[in-house]
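Topology and contacts: notes
Okay, here's what each chain looks like letter by letter:
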Amino acid sequence: MNKLTKIIGLLIAIAFLVGLATTLTRSMMIGFLDVMPVYILMGIAIFMMIYEAFFDKKN
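Residues numbered from 1 in each chain as written. Predicted model: local features only at pLDDT ≥ 70, side-chain atom pairs only at ≥ 80, totals over all residues. Heavy atoms only, no water.

The N-to-C vectors of helix α1 (residues 2-24) and helix α2 (residues 32-55) enclose an angle of 175 degrees; their axes lie 10 Å apart at closest approach. Classified by the angle their axes make, α1 and α2 are roughly antiparallel. Between α1 and α2, the contacting residues are K3, K6, I7, L10, A13, I14, L17, V18, L20, A21, T22 and L24 on the first element and V35, V38, Y39, M42, A45, I46, M49, I50, A53 and F54 on the second. In terms of residue class, the contact of α1 with α2 is built from 19 nonpolar, one polar and two charged. (Axes fitted to C-alpha atoms, helices over the stretch in contact; angles between N-to-C directions. Helix = DSSP H or I, 4+ residues; strand = E, 2+ residues; numbered from the N terminus. Parallel < 35°, antiparallel > 145°, perpendicular 65-115°, else oblique. Contact = heavy atoms within 4.5 Å. Nonpolar A, V, L, I, M, F, W, Y, C, P; charged D, E, K, R; others polar.)

We describe a pair of aromatic rings using the distance from one ring centre to the other and the angle between the two ring planes. Taken as a whole, this structure holds two aromatic pairs when the rule is applied. Measuring from ring centre to ring centre gives 6.3 Å for F47 and Y51, while their planes differ by 25 degrees; the resulting arrangement is stacked. Of this pair, F47 and Y51 are both found in helix α2, four residues apart, which corresponds to roughly one turn of the helix. Overall, F47 belongs to the exposed group, its relative accessible area being 57%. (Phe/Tyr/Trp six-rings, centres within 6.5 Å; stacked < 30°, edge-to-face > 60°. Buried < 20%, exposed > 50% of the residue type's maximum accessible area, 1.4 Å probe, protein only.)

Structure below.
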């Protein structure tokens, strides 16, 4: 049950972050290179969430 809750929470958070990053590319005034730092930060945030949820076993 705990692992299922983690997976559902991660999927919702990842969907939100990816949706947030992709809405920036819809504008004609914003180029791909302008949004590249956002994609990098979103990738780092998603990796950190997954690592903390499944691989960080300090408890």
